[in-house]
Amino acid sequence: GLHRFVGDNPVLLVGNKEDLLPRSLRRSKLTDWLRQQANQAGIRPVGTTLVSAKKNHQIEALLDQIEQLRGDRDVYVVGVTNVGKSTLINQIIKQRTGMQDLITTSRFPGTTLDKIEIPLDDGHQLVDTPGIIHQEQMAHVLPAEDLRLVAPQKEIKPKTYQLNDQQTIFLGGLGRFDYLKGPRAGIVAYFDNNLPLHRTKLANADQFYDRHIGELLTPPRTDQLAQLPPLVRYEFKTTVKSDLVFEGLGWITVPKGVTVAGWAPKGVAVLLRPAMI
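Residues numbered from 1 in each chain as written. Predicted model: local features only at pLDDT ≥ 70, side-chain atom pairs only at ≥ 80, totals over all residues. Heavy atoms only, no water.

## Description of the overall build of the protein
Note the cut-off: The numbering of helices and of strands both runs from the N terminus, where a helix is a DSSP run of H or I of at least 4 residues and a strand a run of E of at least 2. Our radius of gyration is a C-alpha quantity, and the globule rule it is checked against amounts to 2.2 Å times the number of residues to the power 0.38. Partly exposed describes any residue whose relative accessible area lies between the buried limit of under 20% and the exposed limit of over 50%, with all areas from a 1.4 Å probe on protein chains only and scaled to the type maximum. Residue contacts are defined here by distance: any two heavy atoms, one from each residue, within 4.5 Å place the two residues in contact.
Tallying secondary structure elements over the protein gives six helices and 15 strands in all. Taken over C-alpha atoms, the radius of gyration comes to 20 Å for the protein, in line with the 19 Å a tight globule of 277 residues would show. Expressed as lengths along the three principal axes of its C-alpha atoms, the size of the protein is roughly 65 × 40 × 30 Å. Looking at the protein residue by residue over its 277 residues, the buried ones come to 45%. Across the protein, the fraction of contacts at a sequence separation of at least 24, relative to all contacts at a separation of at least 6, is 69%.

## Considerations on a nonpolar patch on the surface
Note the following rule: Exposure above 30% relative accessible area and no salt bridge define the residues that can form patches, which grow by joining like charges within 9 Å and nonpolar side chains of Val, Leu, Ile, Met, Phe, Trp and Tyr within 5 Å. Accessible surface is estimated by sampling points in the Shrake-Rupley manner with a 1.4 Å probe; for residues, cover comes only from the protein chains shown. Each reported salt bridge corresponds to a side-chain nitrogen of Lys or Arg within 4 Å of a carboxyl oxygen of Asp or Glu.
Together, Tyr76, Val78 and Ile132 make up an exposed nonpolar region whose accessible area comes to about 300 Å². You can see Val78 is positioned in the loop between strand E3 (75-77) and helix H4 (85-97). A relative accessible area of 46% places Val78 in the partly exposed class.

## Some remarks on the pattern of salt bridges
The final tally for this structure, using the stated rule, is 13 salt bridges. Between Asp178 and Arg176 there is a salt bridge, with its nearest N and O atoms 2.9 Å apart. Residue Asp178 is classed as buried on the basis of its relative accessible area of 1%. Three or more residues joined by partner-sharing salt bridges are found here, namely Glu18, Arg23 and Arg27.

## A short note on the sheet that holds strand E12 (residues 242-246)
Cut-off, in case you're wondering: Two strands pair if DSSP finds at least two bridges between them. Where helices are involved, their axes are fitted lines through C-alpha atoms of the stretch in contact, as for all axes, and angles between N-to-C directions lie from 0 to 180°.
The sheet built from five strands is open, its strands ordered E6-E9-E13-E12-E15 with antiparallel pairing. Edge positions in the sheet fall to strand E6 (159-163) and strand E15 (270-274), since each of these pairs with one other strand and no more. With strand direction ignored, the average angle separating the axes of adjacent strands in the sheet is 25°.

## Brief notes about the sheet that holds strand E4 (residues 116-119)
Taken in spatial order, the three strands line up as E3-E5-E4 in an open sheet, and their pairing is mixed. On the outer flanks of this sheet lie E3 and E4, each paired with one strand and no other. Ignoring strand direction, the axes of neighbouring strands in this sheet form an average angle of 20°. Here H4 sits on the sheet in contact with E3, E4 and strand E5 (125-128), set at roughly 155° to E5.

## Some thoughts on the packing of aromatic side chains
Convention followed: Between rings of Phe, Tyr and Trp, where Trp is taken as its six-membered ring, a pair exists when centres lie within 6.5 Å; planes separated by under 30 degrees are stacked, by over 60 edge-to-face, and by other angles tilted. Only Lys NZ and Arg CZ are tested; either one counts as a charge over a ring when it is within 6 Å of the ring centre and within 35 degrees of the ring normal.
Following the criterion strictly, the structure yields four aromatic pairs and no others. Residues Tyr190 and Trp251 carry aromatic rings whose centres are separated by 4.8 Å and whose planes lie at 15° to one another, so their mutual orientation is stacked. One end of the pair, Tyr190, is in strand E9 (residues 185-191); the other, Trp251, is in strand E13 (residues 250-254), and 61 residues separate them in sequence. Ring centres 6.1 Å apart and planes at 55° place the aromatic pair Phe191 and Phe246 in the tilted group. A residue pair is termed long-range when its members are at least 10 positions apart, and Phe191 in strand E9 and Phe246 in strand E12 qualify at 55 residues. Phe246 carries the same exposure label as Phe191, and that label is buried. Grouped by ring-pair contacts, the aromatic residues Phe170, Phe208 and Tyr209 constitute a single cluster. Stacked on the ring of Trp33, the Lys or Arg Arg273 has its end atom at 4.7 Å from the ring centre.

## A short note on the pairing of strand E14 (residues 259-265)
Counting buried residues along E14, seven of its seven residues qualify, which places the element largely inside the surrounding structure. Sheet analysis places strand E8 (residues 175-181) next to E14, joined by five bridges and oriented antiparallel. Within E14, the position partnered with Phe177 by the bridge is Gly262. Sheet topology places strand E11 (residues 231-237) next to E14; seven bridges connect them, and they run antiparallel. The residue of E14 that forms the bridge with Lys237 is Thr259.

Now the structure itself:
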C-alpha cells in the first residue's frame, strides 16, 4: 500500500545489514532479488542499494542517491521493525553533523516512539517514521532476550550437512526442515551462528520435538512455550537448486529434484526460491 501514500514521489529501496550475509552471496544477485520481492509487493523502486549502517558501508553513496532523487522535497525513511532504520538515521546524522547516537531505540520491538525530523541544508527535512509491524516476522513470536539467537550480529557462517532422505534438522525450537525424498545430498544451512541446529530421523521428529522443546531445542525457553504458536508444515518439490526460506530466520539450500518440508510458527512464512548462492 506504500504508493497510495507517496503518490508519484520516487521510492528508493535500501537493503540494510548486508554485512551479515556471506561474502559468497553475489551482491548483484541480492539486489535483483530485493527488487523482485518489492515488485511482487506492488512497490516500484527507482533504485535499489545495499548498505550496512552498523559498519558505515555505502552510506555516502546512499546520501548521494537521496540528493539526486529528492529535488525540492522532504525525505521519509519507512520500514518494518528490526531492519536497523534508526541505526541508519544515526549514521546519516553522524556523517552530516558529527553527533553520535542521537536516536535511541529499544532492541525490540525496535520502534522509535514518534517521527523524528532531521533538518536538511535547504530547509527540508529527513523524517524517521515509526517502524511498521510486519506480523509475519519471526521476531514477533520471540521475547527480546531470545532475539540474539535469531537476529544475526555477525556475518553468517554456513553449516553443511550430508543428509539421507527421511532426516530432519530442527532450527532450535522455532522451525524444522524435513528432507523427505531424494538421494543422499549436501544441504547448506544459513542461520544466526548462535542458533542451535539438531539433526534426527524424520520418524522420531515429532517425539523428539515434544520431549526437548524449551530445553535442548531453544529458543524458546521453557517459560516461553505458551507464547510460541504451533509449527505449521509447508511441502515443496524442487525443480532447480533452491533455498527453503524461513522468513526472518534464515534459509537452507537444497539440490534440484528433491522433496522437502519446512515448518515455522503459525503466521511466519516459509517459501521456496531459486538458490542465491
